[in-house]
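Structure assessment
One letter stands for each residue in the lines below.
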Amino acid sequence: MNTAGAILTIDLGAVRRNYRTVRQHLGTAELAGVVKADAYGLGIERVALALAREGCRTFFVATAGEAFALRSIMPEADIHVFDGIQPGEEGEFAAKQIRPVLNSLLQIETWSAHARAARRTLTADIHLDTGMSRLGLDAAEQKHLLIHPEVLAGIDLDIILSHLAVAEDRANPMNETQRAAFGEIAGKLPGRRRSLANSSGVFLGPSFHFDLARVGVALYGANPTPDALSPMVQVIRLQGRILQVRSVDQARSVGYGATHRVSRPSRIATVAIGYADGYPLSLSNRGIAYIDEHEIPVVGRVSMDLTTVDVTDLAEHLAVPGRLVDFVGPHNPVDAVADRAGTIPYTIMTGFGRRLHRIYVDEN
Ligand SMILES: *Cc1c(COP(=O)(O)O)cnc(C)c1O
């Protein structure tokens, strides 16, 4: 029974279809699934198993905790951790065969020292910063590594990677600058696989594919090519239930802050969804919801548990208590909702609230 007001439906069949679509674009390069932050809020366990069904073997998470959790449900998977390794974590990484993405000479030394002490060879990746200035070895560290390859003693290098800063902006010359820098340095390091592209990077063309792409948001239905029609299918639907419908026939206001004034006799439906469910406050007086294909504007301020929509123009039988309203759905995909909210699909998805009633469907 659904005892929550709002419902998040996650279509794992759509995740799998998106995986196949991206793989087609990649040709022979491998497609790794990025499932950090609980698979972008959609549920790592269900999502990772759905991806595995499509043949996905390599997974990336952000933190050690995410990697350990994923290992417990996927004993065989090839699991990589973007944040790399912190002193004290070496034993558990090694025992669980988790591969840290080493981001600095310090992290390389941490992993190498553990390998040497254990008299073993331990696998890891290396992240080269080519312009993001966030994670990875900077130019000076890269130079040091090339001159002193012995710092890698005991480390078996798997993936050499870098991350694109402006991949969703095709025309930006920074993409090519990063690609060239990455190709140059990665070619001098003894890794097994090279990887540059995230979701949008895949669509920059084959020269960005290298051996493996690390794809997250596109699998979850966001458009990796914002200038063009989305090649992806929608994965999520966010619905709230109408609790009551009221007539507001004077010059009244709606909601906290009295930010919306009705200018005509109106019918206002109060829906059980709010910012605690992840529907953004910034969609106050801005969001567009749907009942079937009928557009209904969000009026007043989105509150913690409730959102008010104007249903004046709808046939009365369409907006009644118990009826579900789409806040993300077939007519308002996550890209459009994020855009209106002044944000990106990533924050909408990772912001979904814990109390949402989650339904997983998986059709072919
Ligand atoms: C999150 C992340 C990705 C995946 O990015 P998407 O845009 O969701 O495909 C790839 N690589 C790194 C280093 C990341 O942090």
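Fair warning: this is a prediction, and the values are worked out from it, not measured in the lab.

Time to look at unusual backbone geometry. Unusually for a residue other than glycine, alanine 37 sits at a positive phi of about 50°. Position of alanine 37 relative to the elements: it lies in helix H2 (residues 36–40). Its relative accessible area of 36% is what places alanine 37 among the partly exposed residues. We note that glutamine 97 has phi near 50°; this positive angle belongs to a residue other than glycine.

Around the ligand lies a shell of 13 residues, among which Lys36, Tyr40, Ser199, Val217 and Tyr346 are the nearest. Serine 199 is positioned with one of its side-chain polar atoms (N or O) 2.5 Å from an oxygen atom of the ligand. Protein contact buries 93% of the 390 Å² of open area that the ligand shows by itself. Among the secondary structure elements, those contributing two or more residues to the shell around the ligand are H2 and strand S9 (212–215).

Our focus in this paragraph is the domain arrangement of the chain. Taken domain by domain, the chain comprises domain 1 (12–220) and domain 2 (236–361). Using C-alpha coordinates to define each centre, domain 1 is positioned 38 Å away from domain 2. Taken together, the contact between domain 1 and domain 2 spans ten residues of the former and eight residues of the latter. Summed over both partners, the interface of domain 1 with domain 2 buries about 890 Å², with 62% contributed by carbon and sulfur atoms. At the junction of domain 1 and domain 2, the tally comes to zero salt bridges. Of all the elements in the fold, those that place two or more residues in the side of domain 1 that touches domain 2 are helix H1 (12–26) and H2. Class assignment for the residues of the side of domain 1 that touches domain 2 results in six nonpolar, three polar and one charged.

With that settled, consider the packing of H1 against helix H3 (residues 44–53). Two elements in contact, H1 and H3, have axes whose closest approach is 9 Å; the angle formed by their N-to-C orientations is 45°. In terms of orientation, H1 and H3 fall into the oblique class. Once H1 is placed against H3, the crossing between them reads as right-handed. Counted together, Leu12, Val15, Arg16 and Tyr19 of H1 and Arg46, Val47, Ala50, Leu51 and Arg53 of H3 form the full contact between these two elements.

Bringing the packing of aromatic side chains into the picture now. Throughout the structure, instances matching the rule amount to seven aromatic pairs. Aromatic side chains tyrosine 40 and tyrosine 346 sit 6.0 Å apart centroid to centroid with 35° between the ring planes, which places their arrangement in the tilted category. You can see tyrosine 40 sitting in helix H2 and its partner tyrosine 346 sitting in helix H11 (residues 345–350), a full 306 residues away along the chain. Residue classification places tyrosine 40 among the buried residues on the basis of a relative accessible area of 6%. Taking 4.9 Å as the distance between ring centres and 15° as the angle between the ring planes, the aromatic pair formed by phenylalanine 60 and phenylalanine 82 counts as stacked. One end of the pair, phenylalanine 60, is in strand S3 (residues 58–61); the other, phenylalanine 82, is in the loop between strand S4 (78–81) and helix H5 (90–95), and 22 residues separate them in sequence. Side by side, phenylalanine 60 and phenylalanine 82 carry an identical accessibility label, which is buried.

About the cut-offs
- Residue numbers here run from 1 along each chain, matching the order of that chain's written sequence.
- For this predicted model, a pLDDT threshold of at least 70 governs which residues receive local features, and a threshold of 80 or more governs which side-chain atom pairs are given and counted, while totals over whole chains, interfaces and linings are taken from all residues.
- With hydrogens and water stripped out, all remaining heavy atoms of the structure feed into the side-chain values.
- Helix and strand definitions follow DSSP, with helices as H or I runs of at least four residues and strands as E runs of at least two, each counted in order from the N terminus.
- In this scheme, a residue with accessible area under 20% of its type's maximum is buried, one over 50% is exposed, and one in between is partly exposed, where area comes from a 1.4 Å probe on protein chains only.
- Throughout, the term near means that a residue has one or more heavy atoms lying within 4 Å of the molecule or strand in question.
- Counting of polar contacts relies on pairs of N or O atoms within 3.5 Å, with two restrictions inside protein: one atom must be capable of donating a hydrogen and the other of accepting it, and residues adjacent in sequence are counted only when both atoms are side-chain atoms.
- With residues, only the protein chains shown are counted as cover, and all accessible areas are computed by Shrake-Rupley using a 1.4 Å probe.
- Each domain's extent is set by a domain assignment, obtained either automatically or from a database.
- Here, two residues are considered to be in contact whenever any of their heavy atoms come within 4.5 Å of each other.
- Summed over both partners, the accessible area (1.4 Å probe) lost when two parts come together is defined as the buried area.
- When a carboxyl oxygen of Asp or Glu is within 4 Å of a side-chain nitrogen of Lys or Arg, the pair counts as a salt bridge.
- Residues are sorted three ways: Asp, Glu, Lys and Arg are charged, Ala, Val, Leu, Ile, Met, Phe, Trp, Tyr, Cys and Pro are nonpolar, and all the rest, Gly among them, are polar.
- Working convention: axes come from line fits to C-alpha atoms, limited for helices to the stretch in contact. Angles between N-to-C directions cover 0 to 180 degrees.
- Throughout, the term roughly parallel applies to angles under 35 degrees, roughly antiparallel to angles over 145, roughly perpendicular to angles from 65 to 115, and oblique to all others.
- Two helices crossing with the near one rotated counterclockwise from the far one by less than a right angle form a left-handed crossing, whereas a clockwise rotation gives a right-handed crossing.
- The rule is short: rings of Phe, Tyr and Trp, with Trp giving its six-membered ring, pair when the centres are within 6.5 Å, and they are stacked under 30 degrees, edge-to-face over 60, tilted in between.

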